[in-house]
Amino acid sequence: MSGPSTYVPKSAIGKWFEQRLPIGGLIHSSFVVFPNPRNLNYFWTFGAILAFMLVAQIATGVTLAMHYIPDARFAFNSVEHIMRDVNYGWLLRYLHSNGATMFFLAVYIHMLRGLYYGSYKAPREVLWILGVIIFLLMMATAFMGYVLPWGQMSFWGATVITNLFSAIPLVGNYITTWLWGGFSVGDPTLNRFFALHYLLPFMIAGVVVLHIWALHVPGSNNPAGVEPKTSKDTLPFHPYFTIKDTFAVVCFAIFFAWFVFFVPNYFGHADNYNPANPLVTPQEIVPEWYFLPYYAILRSTPNILFIPAKLAGVLAMFGSIAVFAFLPWLDTSKVRSGSYRPVFRVFFWAFVLCGIGLGYLGSQPVTEGTILAGRILLLCYFAFFLIVLPLLGLLETPLQVPASIADAVLGSHGSSTMLKGASAEPSVKG
Amino acid sequence: MTDMTMAKPNMAEPTRRDILYVATAAVGVVGVAAVIWPLIDQMNPDLSTLALSKTEIDLKPIAPGQNIVVKWQGKPVFVRNRPPKMVAEVRAVPLSQLIDPETDQARVKVANWLIVVGVCTHLGCTPNVGGDYDGWLCPCHGSQYDASGRVRHGPAPLNLLVPTYEFKTPTSVVVG
Amino acid sequence: MKMRMKATAVRAFAATLLAGALLVGVGGIGARAEGLNSEGYLIPQRQDWSFAGVFGHYDRAQLQRGFKVFHDVCSQCHAAKHLTFRELSEPGGPEFTLAQVKALAATYKIEDGPNDSGDMFKRPGKPSDPWPWNFANDEAAKSALGAVPPDMSLLAKARTVQYGFPYFLAEGLPFFEDEEQGPDYIYALIKDGYRNPPKGFKVPSGLYYNAVIQGSGHLIRMPSPLAMIFDNNGKPNNPKFYTDGTPVTPDQVARDVSAFLMWAAEPKLEERKRMGFNVLVFLGVFASLLYFVKKKIWAGVHDISPSA
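The rules we used
Residues numbered from 1 in each chain as written. Chains lettered and ligands numbered in written order. Predicted model: local features only at pLDDT ≥ 70, side-chain atom pairs only at ≥ 80, totals over all residues. Heavy atoms only, no water. Helix = DSSP H or I, 4+ residues; strand = E, 2+ residues; numbered from the N terminus. Polar contact = N/O pair within 3.5 Å; in protein donor to acceptor, adjacent residues only side chain to side chain. Contact = heavy atoms within 4.5 Å. Axes fitted to C-alpha atoms, helices over the stretch in contact; angles between N-to-C directions. Parallel < 35°, antiparallel > 145°, perpendicular 65-115°, else oblique. Nonpolar A, V, L, I, M, F, W, Y, C, P; charged D, E, K, R; others polar. Disulfide = S-S within 2.5 Å. Buried < 20%, exposed > 50% of the residue type's maximum accessible area, 1.4 Å probe, protein only. Buried area = accessible area lost by both parts, 1.4 Å probe. Salt bridge = Lys/Arg side-chain N within 4 Å of Asp/Glu carboxyl O. pLDDT = per-residue confidence, 0-100. Core = buried A, V, L, I, M, F, W, Y, C linked by side-chain atoms within 4.5 Å. Pairing = 2+ DSSP bridges.

### Looking at the side chain of Thr24(B)
Okay, step 1: As for its position among the elements, Thr24(B) is in helix α1 (residues 16-41).
Okay, step 2: At 2.7 Å, the side chain of Thr24(B) and the backbone oxygen of Leu20(B) are in polar contact.
Okay, step 3: Among all residues touching Thr24(B), those that are not within four sequence positions of it are Phe286(C), Leu289(C), Leu290(C) and Val293(C).

This is the structure we're talking about:
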């Protein structure tokens, strides 16, 4: 994915094949000799961790689908059949359900890393937008997957979320009826959610290929935020980053395994072990933790001008994700990495806390207080994107950006005399 | 530096570095195998299927000369109450005439009760009662079996399989 | 270097916040006092369960006793449709012998059919049968009992104790796993929940007061199940209720049946924890090896001179 390759296979068969399908050269140029900035920190291993999680989710998902029955009468029982009777069925299911959590945990770290180090800035805008598309597809996949066990939380979660579409003026009710295939969430809904839940991961895999392609055009961003200038600034992908990524994936797998084997229902909800009952709504409907901030936004949004609260909430919720796609143009700073933007860094952590706060509010029963707090945090959330980032680029005085990656690396090892010697770039402002 | 992960285990004098790489790679291979096994084993019969792997057949209603078909593990099982004349006939057939030589005595536990799996040993169709040997004729490719379930006419290569079974009482048998 | 120090300070601050929250969570779980909360609910306490922790496993004798309680008392009204007879003899559970399970199953009449004349018929139960229910369907149960008793096969996972923020942060940590909160809840509900209502609290007829049950305003339709085994003074109606010589006390009975329900809901727990320990050890070894390989490969990279 990075231009013509100099790769020459060693064997005659390899040469014969390479002339007809140059896949060896593709792999060689993309994952063997591909130059990566040498100063990447461990936050850059989350791409590999996410690739691992996607494969793990597809592998466990396909095997679970061999035993699952997408029928409202049998879905709950078939999941219990997997848990009790199928060989290693309990393992596959707990891997899959906790895998969703791990997938989102990793993707949030991956996104926040991109936000902190300005990875969305030119020339990586398309790479970033593809990432936002992957995130949206992940959310759709996770939501539909959570419906499949057909427990109480599955059913009522599906009811609440599909009802969002009824907020759309004029055609809303037709759309919800169309989504359901009936007049409430029911058997047709479950069946189509299963079909889509099986389809979407492969669409994610397709967009991931584009995402990696778009990554390999400019190459990885790095903690210093300056582009590699000479070959001294980079290291070949193999063996340096293959081993680093593998190490990180295995460490992540330890974390993952702890939850799968010892607290497999920590991220789940007890109510989902009660079969779906369309006549009884649970005490409180709580989505999975990774949707909580958006759920809080949905619930907190008031009437805005002539837009009723219900529609405004839906718009705010989708807007809170869509706004990520506009980051490359909302952030006006010329300096890429947050390491050299002291004021940005404060706002960045405030934004993270804001997201956690919204998540907490999303998990709480609705009261006057949570609604008010939700509205404040909702304002903070959008203010970060729409006010802080555009203005900060104009007002902030960034620190001196190192001239090259090599300088940044040596600087981090405390040899300040080296920094003095390096040709300093003019400080960037405005 | 670029060719470091690939250790060469057959080197004359492995260095400590190579041992580290080989050990890591070996542990990695074991890990991958351990991950793949559950993905494969989940397709094997599960506990609920295994628990249904026995079928009890009541022999009382089967009159002499009558055949019944019982489902066992998803397959048909032929149960035939053979009259003494039929038993005598199949036992008189010399083994040299058989495609898959086997005595009738070796295929039954009680002389009049023939219990065989009704799956043609050619390609798995279920034979119908008929043919020239007082037994079964497979509709798919014309294999014929006699009253002992032995193949008498190709293309099937083997006799009908005798399942494991046990007489609980003289009129009740448990297959499986 | 100033900004580096600042970044470090921010990181340290964040870590302190997180650690603080976790500590409060951990401390909170240990230190929660017994008693009623502000809304008059009795918060179930953490109990010691043999199946807790990394090396947790079920106590066979306890599961067998719990099964007796389930069989004699609970299953009179409750269904347990995901539980099969054979599971009672499978490894990792009460581990009755197959002969015991066959004999037990045969005492039940299971509807099967249709037979050759098209009629449904009753036959003795087999180990592969699911646990039979005394009611033909939910409606029959409701008309006889006033409500449908919850299915018991998953009850221990379908109930929990919500300690709320920040306690839940700790519940994913080693030694504070949340997996035992279902049995904690069931134990508290049947042993401590039934008590005299506060002054002025009206209990409608056909309902009972319970300090533990959530979401129904302290009202429960199930009469105290322990009252079927014990008299008003806590003396067992049948001192030989347990055949293994274990003293029959309300605490013991509540504990045993809660443990049994946990097994019924999570029959693969032992296999899971055993495999989990092996997986963690394996991954730990693998990660250490990878760490040293990574160190070796990266050795010499950091000291390359920048401007040669």
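### Describing the packing of helix α2 (residues 60-72) of chain C against helix α8 (residues 250-265) of chain C
All names here are of chain C.
Okay, step 1: Where α2 contacts α8, the two axes come as close as 7 Å, and the packing angle between them is 100°. The angle between α2 and α8 places the two elements in the roughly perpendicular class. Taken together, the residues of α8 that come into contact with α2 (itself represented by Gln-62, Leu-63, Arg-65, Gly-66, Phe-67, Val-69 and Phe-70) are Gln-252, Val-253, Arg-255, Asp-256, Val-257, Ala-259, Phe-260 and Trp-263.
Okay, step 2: Split into classes, the residues belonging to the contact of α2 with α8 amount to nine nonpolar, three polar and three charged.

### Comments concerning the state of the cysteines
Residues and elements named next belong to chain B.
Okay, step 1: In this structure the tally under the stated criterion is one disulfide over all chains.
Okay, step 2: Between the sulfur of Cys-125 and that of Cys-140 lies a disulfide, 2.0 Å long from S to S. The sign of the -95° torsion about the S-S bond sets the Cys-125-Cys-140 disulfide as left-handed. With Cys-125 in the loop between β4 (113-117) and β5 (128-130) and Cys-140 in the loop between β6 (135-137) and β7 (144-145), this residue pair connects regions lying 15 residues apart in the sequence.
Okay, step 3: Judged by its relative accessible area of 22%, Cys-125 is partly exposed.
Okay, step 4: Exposure remark for Cys-140: the relative accessible area of 37% places this residue in the partly exposed category.

### Brief notes about the interface of chain B and chain C
Okay, step 1: Taken together, the 16 residues of chain B in the interface contact 13 residues of chain C.
Okay, step 2: The largest per-residue losses of area from chain B upon contact with chain C belong to Leu20(B), Thr24(B) and Val27(B), which jointly make up 36% of the total buried on that side.
Okay, step 3: If you look at where chain B meets chain C, you find zero salt bridges.
Okay, step 4: Seen at the junction of chain B and chain C, the total is zero residue pairs in polar contact (both at pLDDT 80 or more).
Okay, step 5: When residues of the side of chain B that touches chain C are traced back to their parent elements, those giving at least two are α1 and α2 (47-51) of chain B.

### Concerning the confidence of the model for chain A
Okay, step 1: When pLDDT is averaged along chain A, the result is 91, and 94% of the positions lie at 70 or above.
Okay, step 2: The model gives residues 413-430 of chain A a pLDDT under 50, and that stretch makes 20 contacts with residues more than four places away or in other chains.

### Quick notes on the nonpolar core
Okay, step 1: The biggest cluster of nonpolar side chains holds 187 residues, and the ones touching the most others in it are Phe104(A), Phe324(A), Tyr381(A), Phe385(A) and Trp131(C).
Okay, step 2: Discounting residues that sit within four places of it in the chain, Phe104(A) has contacts with Phe135(A), Met138(A), Met139(A), Ala142(A), Trp289(A), Tyr290(A) and Phe291(A).
Okay, step 3: Residues Ile57(B), Trp72(B), Trp113(B) and Tyr165(B) belong to the second largest nonpolar core, which totals 13 residues.

### Structural notes on the side chain of Lys244(A)
Okay, step 1: Structurally, Lys244(A) is set in helix α10 (residues 237-262).
Okay, step 2: Ignoring anything within four residues of it in the chain, the contact list for Lys244(A) reads Leu40(A), Asn41(A), Tyr42(A), Thr45(A), Lys294(C) and Trp298(C).

### Observations regarding the sheet that holds strand β10 (residues 172-175) of chain B
Residues and elements named next belong to chain B.
Okay, step 1: Taking strand neighbours across the sheet as the criterion, the three strands line up as β1-β10-β9 in an open arrangement whose pairing is antiparallel. The two strands at the open ends of the sheet, each matched to only one other strand, are β1 (55-58) and β9 (165-169). Pairs of neighbouring strands in the sheet enclose a mean axial angle of 25°, with direction left out of account.
Okay, step 2: Where β1 meets β10, four bridges bridge the pair, whose relative direction is antiparallel.

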